[in-house]
Amino acid sequence: MRTGRVTWPPKIFSRIIDWLYPARCTNCKEIFRPPAPREHNLLRDCLGSWLCPRCLAKTVLIDPPMCTCCGLPFGSTVGPDHLCGDCIARGRPFAKARSVFSYQGPVRGLVHSFKYGGRVELAWPLGKLMLQTLVRYWDPGRIDLAVPVPLHKSKERRRTFNQSWLLLRTWKKVVAETDLRGMPFAIDRRVLVRCRATGPQAGLNRRQRLKNIERAFEVTRPGLIKGKRILLVDDVMTTGATAEACCRCLLQGGAARVDVLVLARRG
Ligand SMILES: [Zn+2]
Ligand SMILES: [Zn+2]
């Protein structure tokens, strides 16, 4: 006799539903049938019904070896982590930055659908992958507070949401599925604000981006960050200028240390 937890609806029903209503790939728009769950595979568990098997196979997860500071993946697949040339040359305001994906191929399509295509439900699987990356590279007990990179009020009103906050706020629920026992750190979206609307960063080089973003951020409640170890959360890191401006602002506001976790990074 079979024992154990009965799941409802039974798996066969969801397989029939998958067969009757196949999915459309968020990236290439092809119709596909999500693969049957086999061995545990986190990427497929999270994105198997969003990306067709071909696009899923083309997503690039970032694995070591990488820069110990900024998380830049190195071309070779063997060898130890070490500092990259950029981090040696000029240092960083953050202690450590890590990313789930390389920002290329189908991940660009996913992020685009999430931010501009109204597919806000993607926050759940993407947030889950971010939390797994957090647990992989940090001891969550050594983080006091997680904050999203803020958008300026006018931009958030136009978009109707802050994508970094959508990702971050899933963690409270996702935590039940990880080996964390409860959320060991606070999350807060109001301690750091974007006080100045800046022009679009796309198309600018690093120097222009830094100038564009200078003094764009402000800590509203220094009391909440004083002496705290903060994790800054963002969706995409391109040159790192935005994340670095936020880190400098948090450090000037009294934070003890700032780390960065993003969904995808260039490089
Ligand atoms: Zn596809
Ligand atoms: Zn580096």
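Residues numbered from 1 in each chain as written. Chains lettered and ligands numbered in written order. Predicted model: local features only at pLDDT ≥ 70, side-chain atom pairs only at ≥ 80, totals over all residues.

**Q** I tried to follow the domain arrangement of the protein on my own but got confused; where do I start?
**A** In many reports, interface size means the accessible area that the parts give up when they come together. As assigned here, the protein comprises domain 1 (11–55) and domain 2 (59–265). Taking only C-alpha atoms into account, the centre of domain 1 sits 28 Å from that of domain 2. Tallying the contact residues gives 9 residues for domain 1 and 12 residues for domain 2. Ranked by the residues each element gives to the side of domain 1 that touches domain 2, the list is headed by helix H2 (residues 42–47), at 4 residues. Of the residues belonging to the side of domain 1 that touches domain 2, the class tally is 7 nonpolar, 2 polar and no charged. (Domains from an automatic or database assignment. Contact = placed C-beta atoms within 7 Å. Helix = DSSP H or I, 4+ residues; strand = E, 2+ residues; numbered from the N terminus. Nonpolar A, V, L, I, M, F, W, Y, C, P; charged D, E, K, R; others polar.)

**Q** How should I be thinking about helix H6 (residues 123–137) in this particular structure?
**A** Since one α-helical turn is 3.6 residues long, residues separated by three or four positions face the same way. Along its 15 residues, H6 runs 21 Å from first to last C-alpha, staying within 8% of the 21 Å computed at 1.5 Å per residue. Residues of H6 that are buried: Ala 123, Pro 125, Leu 126, Gly 127, Lys 128, Leu 129, Met 130, Leu 131, Thr 133 and Leu 134. For H6, the secondary structure elements touched by its buried residues are H2, strand E3 (97–102), helix H5 (106–116), helix H8 (163–169), helix H9 (171–174) and strand E9 (257–265). (Expected span 1.5 Å × (residues − 1). Buried ≥ 20, exposed ≤ 12 C-beta atoms within 10 Å, placed from the backbone.)

**Q** Any chance you could explain the nonpolar core here in plain terms?
**A** A general tendency of soluble globular proteins is for nonpolar side chains to be buried together. Membership of the largest hydrophobic core comes to 63 residues, with the highest contact counts inside it found for Leu 232, Cys 246, Leu 250 and Leu 263. Of the domains in this structure, domain 1 (11–55) and domain 2 (59–265) are the two that each give at least three residues to this core. When near neighbours in sequence (up to four residues on either side) are disregarded, Leu 250 contacts Leu 192, Val 219, Ile 225, Ile 230, Ala 255 and Val 258. (Core = buried A, V, L, I, M, F, W, Y, C linked by C-beta atoms within 7 Å.)

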